[in-house]
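Here is what each chain is made of, one letter per residue.
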Amino acid sequence: DLERMPAAVALARSRLPEEVVVQVPPNLVAKSPGVLRACLEAGARDLGGISPRDEVNPDYTFPSVGELTAQLAQWGYRLAPRSAVHDRLAPWAFAGRGLS
């Protein structure tokens, strides 16, 4: 039930340390933009990777970057790129694997 997602985000945000980023994939709520906005207002700060196909949930297509950028701007948010691994986790994620 998508309508419960903002409450789950708010609960996670209230219990997790500030450095833990709560993610809401926009393709899972694309048909309910109000839910995405409510999740952002509840503390979600990451929209995950935006790609042509969601390998985990292939039935849920992503909105285009342009559509998402415009929608977020209407609400006072800005879409910003990030690495697949948050910078603060990169040393841990790549340790011992020959990557940096």
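Note: the structure precedes this text.
All values reported here derive from a predicted model rather than from experimental measurement. (Residues numbered from 1 in each chain as written. Predicted model: local features only at pLDDT ≥ 70, side-chain atom pairs only at ≥ 80, totals over all residues. Heavy atoms only, no water.)

1. With respect to the overall build of the chain
Of regular secondary structure, the chain possesses 4 helices and 0 strands. Mapped from its N terminus to its C terminus, the chain presents α and β elements in the order α-α-α-α. Within the chain, the proportion of its 100 residues that are buried is 25%. Within the chain, residue pairs in contact and separated by at least 24 positions form 59% of the contacts whose partners lie at least 6 positions apart. For the chain, the accessible area works out to roughly 7,100 Å², and carbon and sulfur atoms hold 55% of it. For the chain, the distance from the average position of its 11 positive side-chain charges to the average position of its 11 negative side-chain charges is 4 Å. (Helix = DSSP H or I, 4+ residues; strand = E, 2+ residues; numbered from the N terminus. Buried < 20%, exposed > 50% of the residue type's maximum accessible area, 1.4 Å probe, protein only. Contact = heavy atoms within 4.5 Å. Areas by Shrake-Rupley, 256 points an atom, 1.4 Å probe, with all protein chains shown as cover. Lys, Arg positive; Asp, Glu negative; His and termini not counted. Charge placed at Lys NZ, Arg CZ, Asp CG, Glu CD.)

2. Topic: the pattern of salt bridges
Across all of its chains, the model carries 2 salt bridges by this definition. The salt bridge involving R37 is made with E41; its shortest N-O contact spans 3.1 Å. Within this pair, R37 and its partner E41 are both found in helix α2 (residues 33-42), separated by 4 residues, close to a single helical turn. Overall, the relative accessible area of 34% leaves R37 in the partly exposed class. As a salt-bridge pair, R53 and E55 come within 3.5 Å of each other at their nearest N and O atoms. Classification of E55 as exposed rests on a relative accessible area of 60%. (Salt bridge = Lys/Arg side-chain N within 4 Å of Asp/Glu carboxyl O.)

3. Overview of the layout of surface pockets
In this structure, the largest pocket spans a volume of roughly 480 Å³. Lining the largest pocket are 19 residues, and of these R45, D46, L47, L79 and A80 sit closest to its centre. Here the residues of the lining of the largest pocket are counted per class, giving 11 nonpolar, 4 polar and 4 charged. (1 Å grid on protein atoms, 1.4 Å probe; cavity = no way out; pocket = protein on both sides within 12 Å on 5 of 7 lines; lining within 4 Å. Points joined across faces, edges and corners; volume = space filled by probe spheres on them. Nonpolar A, V, L, I, M, F, W, Y, C, P; charged D, E, K, R; others polar.)

4. Focus on α2
Burial in α2 covers these residues: V35, L36, C39, L40 and A42. Seen along its axis, α2 keeps its buried residues to an arc of 160°; they face one direction. Away from the buried face of α2 by more than 90 degrees, exposed residues G34 and E41 are located. G43 sits one or two residues past α2 and shows a positive phi near 125°. (Arc of directions from axis to C-beta.)

5. Digging into the nonpolar core
In this structure, V9, V24, L36, L40 and A44 are the most contacted members of the largest nonpolar core, which totals 14 residues. Those elements giving two or more residues to this core turn out to be α2 and α3 (65-74). Among the elements that make up this core, the one with the highest residue count is α2 (5 residues). With residues up to four places along the chain from it excluded, the contact list for V24 reads M5, V9, V29, L36, C39, A44, D46 and L47. (Core = buried A, V, L, I, M, F, W, Y, C linked by side-chain atoms within 4.5 Å.)

6. Regarding the environment of I50
Assignment of secondary structure puts I50 in the loop between α2 and α3. For I50 and S64, which are 14 residues apart along the polypeptide, the C-alpha to C-alpha distance reads 8.3 Å. If sequence neighbours within four positions are ignored, I50 has contacts with F62, P63, V65, L68 and L79.

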